[in-house]
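# Structural overview
Listed below are the residues making up each chain.
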Amino acid sequence: MDLRPNSAPLATRLRNTLVQYHSIGDNERVAKKTKDATVWRKPSEEFSGYLYKAQGVVEDVTNRIVDHIRPGPYRLDWDSLMTTMDIMEAFDENCCVMRYTTAGQLWNIIAPREFVDFSYTTSYEDGILTCGISLDCGEVRPNFVRGFNHPCGWFCVPLKDYPSHSLLTGYIQTELRGMLPQSAVDTAMSSTLANFYSDLKKALKT
């Protein structure tokens, strides 16, 4: 698989899409609220499901937070949903194609999923944006359903009055595919995003 000729325009298009999501006013409905994060949702313009927005303050600097989120050695250590991750092709230190798998959810009503994603990390204002989109390529592993991430990403910017704290805002629109009731998907997505913040905070304290 060689995506190298298309990596630069794909990265630019992906970044512009996420910046557009980030600049639109709040017209989402609250889906879940915990002490660590609030999750909203609104209908996605990419597919028949929802675009989820998650936001919370994380007590750490932006670089360290993003290093724990982006493809690399930290993510598998703390993300309870992710079971494997392989870098299939690296264009540079900030741009790659990865394949990863996720665990079953809701007593395995949602079976394990596999994704092949293009990932790109870049600067954004005073902070960092790490974003991704799925690619339809490669054979699906046995016992997995191939999911698809429409443009998604995480903005991490330092708080102006507390630069050692960061505001982490995520936009996720995952098409799990397979025959799933929408209510199960909504429950899983909201809980997954809320747990993402609590798991990340625990990892950053170690």
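Read on for a plain summary of the structure. Keep in mind it's a predicted model, so treat the numbers as computed, not measured.

All right, on to the pairing of strand E4 (residues 82–92) then. Sheet topology places E4 next to strand E5 (residues 95–102); eight bridges connect them, and they run antiparallel. Paired with aspartate 92 across the bridge in E5 is cysteine 95. Turn length for the E4-E5 hairpin, with the two strands adjacent in sequence and antiparallel, is two residues.

Moving on, we get to the nonpolar core. If you look at the biggest cluster of nonpolar residues, it comprises 31 residues, and the most contacted ones within it are Ile65, Trp154, Leu168, Tyr197 and Leu200. Those elements that provide at least two residues to this core are strand E3 (50–58), helix H2 (62–69), E4, E5, strand E9 (148–158), strand E10 (166–175) and helix H4 (182–205). In contact with leucine 200, not counting residues within four places along its chain, are Ile65, His68, Ile69, Trp78 and Leu168. One finds Leu10, Leu51, Phe118 and Cys131 within the second-largest nonpolar core, a separate group that totals 20 residues.

For residues that are not glycine, phi is negative in most cases, and the peptide bond is trans in most cases. Phi at glutamate 125 takes a positive value of approximately 50°, unusual for a residue other than glycine. As for its position among the elements, glutamate 125 is in the loop between strand E6 (113–124) and strand E7 (127–134). With a phi close to 70°, asparagine 143 is a non-glycine residue in the positive phi region. Mapped onto the elements, asparagine 143 comes out in the loop between E7 and strand E8 (145–146).

Right, let's talk about the packing of aromatic side chains for a bit. The geometry of two aromatic rings is summed up by the distance between their centres and the angle between their planes. What the rule picks out here adds up to 10 aromatic pairs. Their ring planes at 45° and their centres at 6.1 Å tell us that phenylalanine 91 and phenylalanine 118 sit as a pair that is tilted. Remark: phenylalanine 118 occurs in strand E6 and phenylalanine 91 occurs in strand E4; sequence separation between them is 27 residues. Like phenylalanine 118, phenylalanine 91 is buried. Relative to tyrosine 171, the ring of phenylalanine 155 has its centre 6.0 Å away and its plane inclined at 90°; by these criteria the two rings are edge-to-face. Taken as a pair, phenylalanine 155 in strand E9 and tyrosine 171 in strand E10 lie far apart in primary sequence, 16 residues in all. For the pair phenylalanine 155 and tyrosine 171, one class covers both residues: buried.

So, how was this worked out
- Residues numbered from 1 in each chain as written.
- Predicted model: local features only at pLDDT ≥ 70, side-chain atom pairs only at ≥ 80, totals over all residues.
- Heavy atoms only, no water.
- Pairing = 2+ DSSP bridges.
- Helix = DSSP H or I, 4+ residues; strand = E, 2+ residues; numbered from the N terminus.
- Core = buried A, V, L, I, M, F, W, Y, C linked by side-chain atoms within 4.5 Å.
- Buried < 20%, exposed > 50% of the residue type's maximum accessible area, 1.4 Å probe, protein only.
- Contact = heavy atoms within 4.5 Å.
- Phe/Tyr/Trp six-rings, centres within 6.5 Å; stacked < 30°, edge-to-face > 60°.

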